[in-house]
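Take a look at the letters that make up each chain.
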Amino acid sequence: MRLDGSAVLITGAASGIGRGIAQRFLEAGAAVAIFDIDGERARETALELSALGRVLAIEGDVADESHVESAVRQTAAEFGGLDILINNAAIETVGTVEAMSAVEWDRLLAVNLKGCFLFARHSIPVMRRRGGAIVNISSVHAFISYPATPAYDASKAAMLALTRTMALDHGRDGIRVNAICPGYIDAPLLEKWLETVPDRTQAMAGVLRLHPLGRIGTPRDVAEAALFLASPAASFISGATLVVDGAMSVIGH
């Protein structure tokens, strides 16, 4: 699964799953733009990964259309086009609908869902010139809910619906659109959740019991799935959802 000559834009790529995807795609021969709201970390990550290939760091907010438009333009100018978009940026807010403020709700939906829409909106006209692939990083929260995560669950479920519709709308443009639903991954979002629980050790033990494979996932696990869906190996796959969760979602709870 090589991506030699491909230009890739990955959101939320300064750390965690996004960073793992950036590293794997560089190893596969792609040129990669790392987009993140944390500009300093994005530049550090780009520097760390620069030995693997051509990498560009871009600072911005996925919910700000001017930032999105600029990022797509910079990527295309630097790499001579855009072939692959990975919508990975996400935040999580813990709290019931009663406890959550409208401001918190709006911000989460703006990052997790609107950001996906905005990047697709501005990337598709560029990608249409030679076809390509969009991979949306959703979550098992799209179909398995846990207490106090209503906004996050809603955003991730909506991403799957958006994925399916974009696959229908842009297949004739030579653009494939798919989604990945990771389970528990050793990444910053998991760390932030662990900071909210009374007993971190007990919480992690409970998480491990949910996984028949006996471990949680790594950014590399998601990166390999993303590489497959973005590569020519998946040339007849579009509108699909690939679950990467170590069978957690099929064992019942």
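Please read all numbers here as calculations on a predicted model, not as lab measurements. (Residues numbered from 1 in each chain as written. Predicted model: local features only at pLDDT ≥ 70, side-chain atom pairs only at ≥ 80, totals over all residues. Heavy atoms only, no water.)

**Let's talk about helix H8 (residues 219-230)**
Since there are 3.6 residues in each turn of an α-helix, residues three or four apart along the chain are aligned in direction.
Phase 1 of the analysis: The end-to-end C-alpha distance of H8, which contains twelve residues, comes to 16 Å, matching closely the 16 Å that a straight helix rising 1.5 Å per residue would cover.
Phase 2 of the analysis: Of the residues making up H8, those classed as buried are Pro 219, Val 222, Ala 223, Ala 225, Ala 226, Leu 227, Leu 229 and Ala 230.
Phase 3 of the analysis: Tucked into the core, H8 has its buried residues touching helix H1 (16-27), strand E4 (84-87), strand E5 (132-137), strand E6 (175-182) and strand E7 (241-244). (Helix = DSSP H or I, 4+ residues; strand = E, 2+ residues; numbered from the N terminus. Expected span 1.5 Å × (residues − 1). Buried < 20%, exposed > 50% of the residue type's maximum accessible area, 1.4 Å probe, protein only. Contact = heavy atoms within 4.5 Å.)

**Quick notes on the sheet that holds strand E2 (residues 31-36)**
Phase 1 of the analysis: Taken together, seven strands build an open sheet; the order of strands is E3-E2-E1-E4-E5-E6-E7 and the sheet is parallel. Each end of this open sheet is capped by a strand with a single partner; those strands are strand E3 (55-59) and E7. The mean inter-strand angle of the sheet, taken between neighbouring strand axes irrespective of direction, is 15 degrees.
Phase 2 of the analysis: Across five bridges, the pairing between E2 and E3 is parallel. (Pairing = 2+ DSSP bridges. Axes fitted to C-alpha atoms, helices over the stretch in contact; angles between N-to-C directions.)

**Focus on helix H4 (residues 102-127)**
Phase 1 of the analysis: With 26 residues, H4 should cover 38 Å at 1.5 Å per step; its first-to-last C-alpha distance of 35 Å lies within 8% of that length.
Phase 2 of the analysis: Helix geometry: H4 is bent most strongly at Lys 114, by close to 40 degrees. (Bend = angle between axes of the 7 residues up to and from the residue.)

**Details of the pairing of E6**
Phase 1 of the analysis: Counting buried positions along E6 yields eight of eight residues, so the element is predominantly enclosed.
Phase 2 of the analysis: Burial along E6 is two-sided: Ile 175, Val 177, Ala 179 and Cys 181 facing one way and Arg 176, Asn 178, Ile 180 and Pro 182 facing the other are all buried.
Phase 3 of the analysis: As judged from the six bridges shared by E5 and E6, these two strands associate in the parallel manner. By the bridge assignment for E6, Ile 137 is matched with Ile 180.
Phase 4 of the analysis: Handedness of the β-α-β unit built from E5, helix H5 (residues 150-170) and E6 comes out right-handed. (Right-handed = clockwise from strand over helix to strand, strands pointing away.)

**Notes on the nonpolar core**
Phase 1 of the analysis: Of all hydrophobic cores here, the largest spans 32 residues; its most connected members are Ile 21, Phe 25, Val 32, Ile 86 and Ile 180.
Phase 2 of the analysis: Listing elements by their share of this core, those giving two or more residues are strand E1 (7-11), H1, E2, helix H2 (39-49), E4, E5 and H8.
Phase 3 of the analysis: If one sorts the elements of this core by residue count, H8 sits on top with seven residues.
Phase 4 of the analysis: In this structure, Leu 9, Ile 58, Val 72 and Phe 79 belong to the second largest nonpolar core, which totals 28 residues. (Core = buried A, V, L, I, M, F, W, Y, C linked by side-chain atoms within 4.5 Å.)

**A word on the packing of H4 against H5**
Phase 1 of the analysis: Direction vectors running N to C along H4 and H5 enclose 15 degrees, while the axes themselves pass 9 Å from each other. Taken together, H4 and H5 sit at an angle that is classed as roughly parallel. For the element pair H4 and H5, the recorded crossing hand is right-handed. Touching Trp 105, Leu 108, Leu 109, Asn 112, Leu 113, Cys 116, Phe 117, Ala 120 and Ile 124 of H4 are Pro 150, Ala 151, Tyr 152, Ala 154, Ser 155, Lys 156, Ala 158, Met 159, Leu 162, Met 166 and His 170, all from H5.
Phase 2 of the analysis: A class-by-class count of the residues in the contact of H4 with H5 yields 16 nonpolar, three polar and one charged. (Parallel < 35°, antiparallel > 145°, perpendicular 65-115°, else oblique. Left-handed = near helix turned anticlockwise from the far one by under 90°. Nonpolar A, V, L, I, M, F, W, Y, C, P; charged D, E, K, R; others polar.)

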